[in-house]
Amino acid sequence: MGFFIHFNFYYLKHLYALLLMFCISGLSFSQTNFAELIPQVVQDIEKFGNAYIEPASEAAMFNVNSGWYTSAEAKTFPQFEISVLSNVTYVPNSGGDFELDPSAYNSVRFEDGYQPKNVASIFGSDKDLSVFIDYETDEGLQSLEIELPLGVDNGDVNVLPTFFIQGSLGLIKGTEVKFRYSPELAIGDVSTEIVGVALQHEFTSWLKQEDFFVNLSGLVAYSGFKGTYHIEDEEPNNEASIVSDMDAWSFSLIASKNLAKFTFFGGLDYSMATSVSHFQGVYTMPEQGEQFQDVLNQIEIENKDYGFSGSLGLNYQINHIKTQLMLNLQKYSNISIGVGYCSGE
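No experiment lies behind these values; they were computed from the predicted model shown. (Residues numbered from 1 in each chain as written. Predicted model: local features only at pLDDT ≥ 70, side-chain atom pairs only at ≥ 80, totals over all residues. Heavy atoms only, no water.)

**Quick word on the side chain of Ser66**
Definition in use: Comment: elements are numbered from the N terminus, with helices defined as DSSP H or I runs of at least four residues and strands as E runs of at least two. Under the scheme applied here, a residue whose accessible area is under 20% of the maximum for its type counts as buried, over 50% as exposed, and between as partly exposed, the area being computed with a 1.4 Å probe on protein chains only. Every residue pair with non-hydrogen atoms within 4.5 Å of one another is taken to be in contact.
Here Ser66 is to be found in the loop between helix H2 (31–64) and strand E1 (80–91). A relative accessible area of 4% means that Ser66 is categorised as buried. Once you skip the residues sitting within four places of it in the chain, Ser66 turns out to touch Asn87, Arg180, Asn328, Gln330, Asn334 and Ser336.

Here's what the structure looks like:
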């Protein structure tokens, strides 16, 4: 998880608490039962974590894949453009539940049994629910109650902002290369980093200018996103974090029309991404629980996402200064705003 947004930290911290409680549930096991439990607990952690984090992973994918183009007309060499951009994704307050079916887990049940229930995702509503972990000890069957992390339906307006520098350079035969970069930026207890590259080609560069009413082009883009979520601990010398790394791709068909100093543009986009979230840092645990130390550090939760979107935008250029505004319509819609310098135009 692009990826990456300050309000996610609180809920990921609760997810960490959930993972830790899963692990601590094995403290009273005999050595043999303890070792046998680890694969089952890890499977449950990965399954719940995948469903819980999924909305944040999907929102990050759409965010980092937005804002790659402002025109279908390709630059010619050596024309270039350098801009400062921000993608701001709106996260709705409502919705965001997913079904937790205890029968699909190894050791999870609700207080009233094994019937499936809707529980909050990271963007979901406030559902005060607990699950129970049953485990065998030398003294018989024991149970541990775990309170599930809540959602973020708190009545506030939530946004996911990213900021980066983006540049483009005209090559030959209607081809343009683009790049974007954001150094590590900290927002509260979350730090993010973005790097990306794209290639755009104008199909109408093959034709005479008078042969077509608008410019048409295609674009392929890659973005690498890293988000680090620093987890607080009562012990001042303890540091722990959840780190999400995302590889995101987008494929776009773009059309634009120049009218005086304005450029109107739009596009159809397909996005796909894979994110991997894992643990880093030092976790202080009781002596028996130290056997979970390596397990926690090696857990990886993988999310795969994809989806279509549509974009509409407007540029205004005076001399060499360009301002741009773009609306991206998708599951987690966003706006892209920016200002830049264009050479030779």
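**Some words on the nonpolar core**
Condition: By convention a nonpolar core is built from buried Ala, Val, Leu, Ile, Met, Phe, Trp, Tyr and Cys residues, the set being connected through side-chain atoms within 4.5 Å.
Ranked by internal contacts, the top residues of the largest apolar core, which has 15 residues, are Phe48 and Leu100. At the level of elements, H2, strand E2 (97–100), strand E3 (108–110) and strand E5 (130–137) are the ones that each hand at least two residues to this core. Take this core: its biggest share by element is four residues, from H2. Listed in part, the 13 residues of the second largest apolar core include Ala59, Phe225, Met246 and Ala273.

**Concerning unusual backbone geometry**
The amide bond that connects Phe77 to the next residue, Pro78, takes the cis arrangement and shows omega of 5°. Among the structural elements, Pro78 can be located in the loop between H2 and E1. A positive phi angle, close to 55°, is found at Lys173, a residue other than glycine.

**With respect to the pairing of strand E15 (residues 334–342)**
Inclusion rule: Paired strands, in this sense, are two strands between which DSSP finds at least two bridges.
By the alternation rule, side chains of E15 split into Asn334, Ser336, Gly338, Gly340 and Cys342, which are all buried, and Ile335, Ile337, Val339 and Tyr341, of which none is buried. Pairing of E1 with E15, which is carried by nine bridges, proceeds in the antiparallel orientation. Bridging from a neighbouring strand, Ile82 pairs with Tyr341 of E15. Counting the residues that bridge the hairpin from strand E14 (residues 321–329) to E15 gives four residues.

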